[in-house]
Amino acid sequence: MADLKARPRPTGANATLGRTGFPHVTSTTKGEIDIVTAPSQPGFSPLDLLYASLSACLVLSARIAASQIGVLDRISEIAADVTGEKATEGLSRVAKFNIVFSIKGDVDEETRSKIVRAAEEEICTVSNTIRGNPEFSTTISS
């Protein structure tokens with residue numbers, strides 16, 4: 001795969017929470033989302049956002065891969081459905097991500113596999129981060 005030369009986009013998020021209520025998250029680029037926690041409440045939980053980040057990154061990365069392979073003009077839709085299984089022991093975490101890709105269009109199974117492999121293993125920053133072991137640098141202020 002060729003090196004990607006993307007223009008940098010400011011990234012980051014800030015979550016605030018009072019003594020009651022739910023977190024409100026604002027992105028560096030001024031996007032906003034309210035977080036929910038009740039099982040029946042519509043909206044995104046923190047875990048939903050993790051799955052959403054992975055699914056969005058995967059479909060964007062698959063589109064890039066399809067373009068690099070030269071088949072983007074033959075694809076009408078790319079979807080990635082991401083769910084997970086929480087660990088039953090140890091720290092609270094996702095132990096397994098379940099990803100179902102759908103690539104609609106005039107491409108064969110071998111090409112679909114190449115697109116998915118490139119998206120998951122080479123291009124997607126989120127999947128590469130989850131597979132890695134990123135450092136955390138935490139500062140506490142009052």
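Note: the structure precedes this text.
None of these values were measured; they are calculated from a predicted model.

In this section: the overall build of the chain. Within the chain one finds three helices and five strands. Helices and strands in the chain line up, N terminus first, as β-β-β-α-β-β-α-α. Reported as C-alpha extents along the three principal axes, the dimensions of the chain are approximately 55 × 35 × 30 Å. Considering only contacts within the chain whose residues lie at least 6 apart along the sequence, 41% involve residues at least 24 apart. When the 15 basic and 17 acidic side-chain charges of the chain are each reduced to a single mean position, those positions are 5 Å apart.

The next point concerns the sheet that holds strand β1 (residues 13–16). Backbone hydrogen bonds are what pair the strands of a sheet, in a parallel or an antiparallel way. Ordered by their spatial adjacency, three strands build an open sheet running β1-β2-β3, and the pairing between neighbours is antiparallel. Of all strands in the sheet, those with a lone pairing partner are β1 and β3 (32–34), marking the two edges. The sheet shows a mean angle of 20° between the axes of neighbouring strands, direction not considered. As judged from the four bridges shared by β1 and strand β2 (residues 24–27), these two strands associate in the antiparallel manner. Within β2, the residue paired with Thr-16 across the bridge is His-24.

Attention now goes to the nonpolar core. Generally speaking, a soluble globular protein has its nonpolar side chains buried in company with each other. Grouped together as the largest cluster of nonpolar side chains are 22 residues, with contacts concentrated most on Leu-58, Ile-75, Phe-101, Ile-103 and Ile-115. For this core, the secondary-structure elements that each account for two or more residues are α1 (46–69), β4 (75–86), β5 (94–105) and α2 (109–123). When residues of this core are assigned to their parent elements, the largest contribution, seven residues, is made by α1. Apart from the residues within four sequence positions on either side, Leu-58 is in contact with Ala-80, Val-82, Ile-99, Phe-101, Ala-119, Glu-120, Cys-124 and Ser-127.

Even without being glycine, Lys-30 reaches a positive phi, approximately 80°. Tracing the chain through its elements places Lys-30 in the loop between β2 and β3. Given a relative accessible area of 67%, Lys-30 falls into the exposed group.

Thresholds, definitions, all that
- Residues numbered from 1 in each chain as written.
- Predicted model: local features only at pLDDT ≥ 70, side-chain atom pairs only at ≥ 80, totals over all residues.
- Heavy atoms only, no water.
- Helix = DSSP H or I, 4+ residues; strand = E, 2+ residues; numbered from the N terminus.
- Contact = heavy atoms within 4.5 Å.
- Lys, Arg positive; Asp, Glu negative; His and termini not counted.
- Charge placed at Lys NZ, Arg CZ, Asp CG, Glu CD.
- Pairing = 2+ DSSP bridges.
- Axes fitted to C-alpha atoms, helices over the stretch in contact; angles between N-to-C directions.
- Core = buried A, V, L, I, M, F, W, Y, C linked by side-chain atoms within 4.5 Å.
- Buried < 20%, exposed > 50% of the residue type's maximum accessible area, 1.4 Å probe, protein only.

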